[in-house]
Amino acid sequence: MSRQTVRVTPADKARSPYLEVPFEVPAGTTRIDVAVDYPKSESCIVDLGCADPRFGAFPAREGFRGWSGGARSRFSLGRDGATPGYVAGEIPAGTWSLLLGLYRIPPEGAEIRIDVSLDSGERALSCPAERPAPRRAGAGWYRGDFHCHTFHSDAAGSPETLHAAARQAGLDFLAVTDHNTVTARQYFDGASSPALVFLRGMEVTTEHGHANVFGLDDWIDFRITAPGDAHVVAAEVHAKGGLLSINHDKPDFPWRHDWPETDLMEVWQHPWLAWNWVSLERWQARLAAGMRLPAIGGSDWHQPAELRPEGPFTLARPTTVLHLPELSEAAVLTAMKAGHGYITEAPDGPHLELTLGDTPMGGTGHGEAALTVRGAAGDIVTFHDATGEIARAEIAGEEAVLRPDLAPRGFLRAELVARASRERLLEEFRAAFPGGLPWGLTEEEIARQPLRRALTNPIWTEDLR
């Protein structure tokens, strides 16, 4: 075993939030074990990762061997297996790097003790399973969640438990987006089936913003340190054929990097009262400025170690509902990029389908506006274009088709706002937090906010750019 101690200070973090600590690995090594010890506290949090000799400057395209953020203080990786979040496989000789993310460093600095153990015992080489491409025939509305985590990053639950939660929720598709790593695919690639399609995903996680990547085999370098680096990440994603979505642009983790060329925006994350009106306002402003930016929703569910009963604060709260020609990863990626759907509060949440003439959500066209609503009697729908709210109406029954006379500018979209259901939903919310309101909320703030139950994607009527 080798041991070294590294002292880090706020000045180190100011130079770069990522510190590479080298260590040598001789030929014949088949397993590496690393343990890190430091005075962890609210003011001192150091993230942890690893790279082999192929790893280079940002944006690196090979050599990344794993990331666990602040969730772990030790890991192992070898030819035959690895700690969740880390990549098993051949152990090339040379200079490896321990990747330290200097997330929070106290004013007095901190000492980090690093122990590295190497083993050369005989080990079989782990080979990844072939990824299937399941599909379910039939056009229709399909339900899914675009944001969740396993113990391959900072959740307690296994991929198997998350899979059970997705089946329990009745989902058709699920994107698993662990922080800065794609190793959960070892399970989900083989588990994807026509009954439940798993999408390839990763959450690019930085101190100044998070973004989800969808539809890629490859890991994407997350080491954004300069304002223009967000554009580099977007270019990497698009060059590989993936989609990029900016996540939860609201308190407590807003997007503070440059705004890159992005395909989507996560407008609704967690239950509605988790400050989602802030991201909704920012999305509306971007639409009004001419961005064609479809919305998706994601629960950001961090799977617990055990399967929880269904409830208002579990997986797929909210749910994104897409109209697909079939259920497959390719069809989901195409529909989400086009905006062919809506976001609703839960898998069994209200249905909200907007058309302009024959044009569906995400399309460009003109004609009579029609909004089909199910499961929201007594609530309110509001209609919005580039100027803001332009109309509202009450929903008279459990199923209604509204045909407002509108001349929208730029685009038309709709929101479902709780009125008859508001007190019931607020009671459920408060009951889930008997110790007091979460996320810095106050009763005064809740009283001021319309409680949205569903949001449509826009239909475009003209180019505002």
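Let me begin by describing the structure that accompanies this report. (Residues numbered from 1 in each chain as written. Predicted model: local features only at pLDDT ≥ 70, side-chain atom pairs only at ≥ 80, totals over all residues. Heavy atoms only, no water.)

**Here's the deal with the environment of Val237**
Here comes step 1: In this structure, Val237 sits in helix 4 (residues 229-239).
Here comes step 2: Val237 sits in the buried class, given a relative accessible area of 0%.
Here comes step 3: Note: C-alpha distance between Val237 and Phe214 (23 residues apart in sequence) is 8.7 Å.
Here comes step 4: Ignoring sequence-local partners within four residues, the contact set of Val237 consists of Val213, Leu216, Ile220, Gly242, Leu243 and Leu244. (Helix = DSSP H or I, 4+ residues; strand = E, 2+ residues; numbered from the N terminus. Buried < 20%, exposed > 50% of the residue type's maximum accessible area, 1.4 Å probe, protein only. Contact = heavy atoms within 4.5 Å.)

**Here's the deal with the sheet that holds strand 15 (residues 243-246)**
Here comes step 1: The mixed open sheet is built from five strands, whose spatial order is 13-14-15-16-17. Pairing within the sheet leaves two strands with one partner each, and these edge strands are strand 13 (201-206) and strand 17 (295-298). Each adjacent strand pair in this sheet contributes to an overall mean axis angle of 35°, direction not counted.
Here comes step 2: Of the strands in this sheet, strand 16 (264-269) and strand 17 touch helix 5 (residues 276-288), which is tilted by about 155° from strand 16.
Here comes step 3: Of the strands in this sheet, strand 14 (209-214), strand 15, strand 16 and strand 17 are in contact with helix 6 (residues 329-338), which crosses strand 15 at around 50°. (Pairing = 2+ DSSP bridges. Axes fitted to C-alpha atoms, helices over the stretch in contact; angles between N-to-C directions.)

**Notes on the pattern of salt bridges**
Here comes step 1: Summed over all chains, the structure comprises 37 salt bridges.
Here comes step 2: With its nearest N and O atoms 3.5 Å apart, the salt bridge here joins Glu329 to Arg131. Of this pair, Glu329 sits in helix 6 while Arg131 is found in the loop between strand 8 (110-119) and strand 9 (135-145), placing the two residues 198 residues apart along the sequence.
Here comes step 3: Relative accessible area serves as the criterion here: at 10%, Glu329 is assigned to the buried category.
Here comes step 4: Among the ionic pairs, Asp217 bridges to Arg200, the shortest N-O distance being 2.9 Å. In this pair, Asp217 sits in the loop between strand 14 and helix 4 while Arg200 sits in the loop between strand 12 (197-199) and strand 13, placing the two residues 17 residues apart along the sequence. (Salt bridge = Lys/Arg side-chain N within 4 Å of Asp/Glu carboxyl O.)

**What to know about the pairing of strand 17**
Here comes step 1: Side chains of strand 17 alternate between two faces, with Ala295 and Gly297 and Ile296 and Gly298 buried alike.
Here comes step 2: Here four bridges tie strand 16 to strand 17, and the two strands are oriented parallel to one another. Each residue of the ladder has a partner; that of Trp268, found in strand 17, is Gly297.
Here comes step 3: The parallel pair strand 16 and strand 17, bridged by helix 5, forms a crossover whose chirality is right-handed. (Right-handed = clockwise from strand over helix to strand, strands pointing away.)

None of this, on its own, says anything about what the molecule does.
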